[in-house]
Amino acid sequence: MRKQYDVVVIDTGVEKSHSRLVNHDIDCVRISNDKECLYAEAVMNGGDDVGHGTAVCDIIKSHCKDNISILVIKVFDKELNVDETLLIDVLNYIYHNINCRIINMSLGISVAGKALENLCNQLNDKGVVLIAAFDNDGSISYPAAFKSVIGVTSCNYCTRNNDFIIVNDIKVNVGAKGGIQKVAWLDDSISIGIGDSYACAHVSGICANLISQKDIKCKEQLFEELKALQGGSEDKTTDSSLTTIRAKEAVLKYKKVALFPFNKEMHSLIRFSDMLPFTISKIYDVK
């Protein structure tokens, strides 16, 4: 009988001996393709040469009250680059050989074909929840943008590990903590990390905890539980698209702002300036 994994992490491997992970149920394999068939080779020590996979596992574990099981599939060595063919091979292997509830993909590619989308659809139909990160530069990436995948971006409003928002966007589904945070790293160390990869891991951890506590069968049911956990329906809690979130975060970066030109829209800003997150330092108009 196949082992049931709570989460499969596709990443750089994992430092299984790390003090934050050593007592947890974590396996690691590397997927190989000999042109005739795919097979998995066990990596006993986890084989993480980068630290990224160790950080992702650490974040996922931090959310879970129960000792969930994780299978790490090592696809990266020194560089965090994945191509579509390799990702299809790995997901295809999971589909045929691994029993799991969640697949965490803190990775993405800028262009994807129908084969990758179809495979994600098949895994989703099987009851596997796919959670993937968008690109750190804010561009659309895959498989995060597929309808069958929960696409995650970082959000500056999310400052605690369990913070998240449901995003009313066609492609982006959840915003979570991707800002500066401490994560497990190589040689039993702690590093400072930032990025959508870690936001994705937080969402996977939150989802794994929900699945372990409730009888959740599919992505749609899980999404309803996420909305309930957030405190209401999608319509009540978010009227934000990804563009709106990015715009709000851009505004919050500034402490002093100059207004130009002095038109009717500026009147409201000046009238309610005490409610703004910045100070209006100058007001300019045309000559």
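Residues numbered from 1 in each chain as written. Predicted model: local features only at pLDDT ≥ 70, side-chain atom pairs only at ≥ 80, totals over all residues. Heavy atoms only, no water.

Draft legend 1. Up close: the environment of Cys-57. In this structure, Cys-57 sits in helix 1 (residues 52-62). Separated by 15 residues in sequence, Cys-57 and Val-72 place their C-alpha atoms 8.4 Å apart. (Helix = DSSP H or I, 4+ residues; strand = E, 2+ residues; numbered from the N terminus.)

Draft legend 2. Looking closely at the packing of aromatic side chains. Tallied over the full model, the rule gives one aromatic pair. An angle of 45° between the planes, with centres 5.1 Å apart, marks the rings of Tyr-142 and Phe-146 as tilted. In this pair, the class of Tyr-142 matches that of Phe-146, namely buried. Over the ring of Tyr-95 we find Lys-126; its NZ or CZ atom is 4.7 Å from the centre of that ring. Here Lys-219 stacks its cationic end above the ring of Phe-223, 6.0 Å away from the centre of that ring. (Phe/Tyr/Trp six-rings, centres within 6.5 Å; stacked < 30°, edge-to-face > 60°. Buried < 20%, exposed > 50% of the residue type's maximum accessible area, 1.4 Å probe, protein only. Lys NZ or Arg CZ within 6 Å of the ring centre and 35° of its normal.)

Draft legend 3. Just the sheet that holds strand 2 (residues 25-33), in detail. Spatially, the nine strands line up as an open sheet ordered 3-2-4-1-5-6-7-9-8, and their pairing is mixed. Two strands lie at the open edges of the sheet, namely strand 3 (38-42) and strand 8 (164-166), each paired on one side alone. The average angle at which neighbouring strand axes cross in this sheet is 25°, direction not considered. Both strand 2 and strand 4 (residues 69-74) contribute to a ladder of six bridges, which runs parallel. Across the sheet, Ile-26 pairs through a bridge with Ile-70, a residue of strand 4. (Pairing = 2+ DSSP bridges. Axes fitted to C-alpha atoms, helices over the stretch in contact; angles between N-to-C directions.)

Draft legend 4. Broad picture of the confidence of the model for the chain. Averaged over the chain, the pLDDT score is 87; the fraction of residues at 70 or greater is 88%. Counted against residues more than four places away or in other chains, residues 232-240, with its pLDDT under 50, gives 18 contacts. (pLDDT = per-residue confidence, 0-100. Contact = heavy atoms within 4.5 Å.)

Draft legend 5. Representation of the side chain of His-202 within the structure. Secondary-structure assignment places His-202 in helix 4 (residues 196-213). Side-chain polar atoms of His-202 contact the side chain of Gln-181, separated by 2.7 Å. Discounting chain neighbours no more than four positions away, the residues touching His-202 are Ile-59, His-63, Asn-161, Lys-177 and Gln-181. (Polar contact = N/O pair within 3.5 Å; in protein donor to acceptor, adjacent residues only side chain to side chain.)

Draft legend 6. Quick peek at the packing of helix 2 (residues 84-97) against helix 3 (residues 114-125). Two numbers describe how helix 2 lies on helix 3: the axes approach to 10 Å, and their chain directions differ by 20°. Of the possible angle classes, the one that applies to helix 2 and helix 3 is roughly parallel. Our pair here, helix 2 against helix 3, has a crossing hand that is left-handed. Contacts between helix 2 and helix 3 involve Glu-84, Leu-87, Ile-88, Leu-91, Asn-92, Ile-94 and Tyr-95 from the first element and Ala-115, Leu-116, Leu-119, Cys-120, Gln-122 and Leu-123 from the second. Classifying every residue of the contact of helix 2 with helix 3 gives 10 nonpolar, two polar and one charged. (Parallel < 35°, antiparallel > 145°, perpendicular 65-115°, else oblique. Left-handed = near helix turned anticlockwise from the far one by under 90°. Nonpolar A, V, L, I, M, F, W, Y, C, P; charged D, E, K, R; others polar.)

Draft legend 7. Main features of the nonpolar core. Counting residues in each nonpolar core, the largest one holds 41 residues, and the members touching the most others are Ile-70, Ile-131 and Val-152. The element that contributes the greatest number of residues to this core is helix 4, accounting for 10 residues. Contacts of Ile-131, omitting those with residues within four sequence positions, involve Ile-102, Ile-103, Asn-104, Met-105, Val-149, Ile-150, Val-152, Cys-200, Val-203, Ser-204 and Cys-207. Listed in part, the 39 residues of the second largest apolar core include Ile-73, Ile-98, Cys-120 and Phe-146. (Core = buried A, V, L, I, M, F, W, Y, C linked by side-chain atoms within 4.5 Å.)

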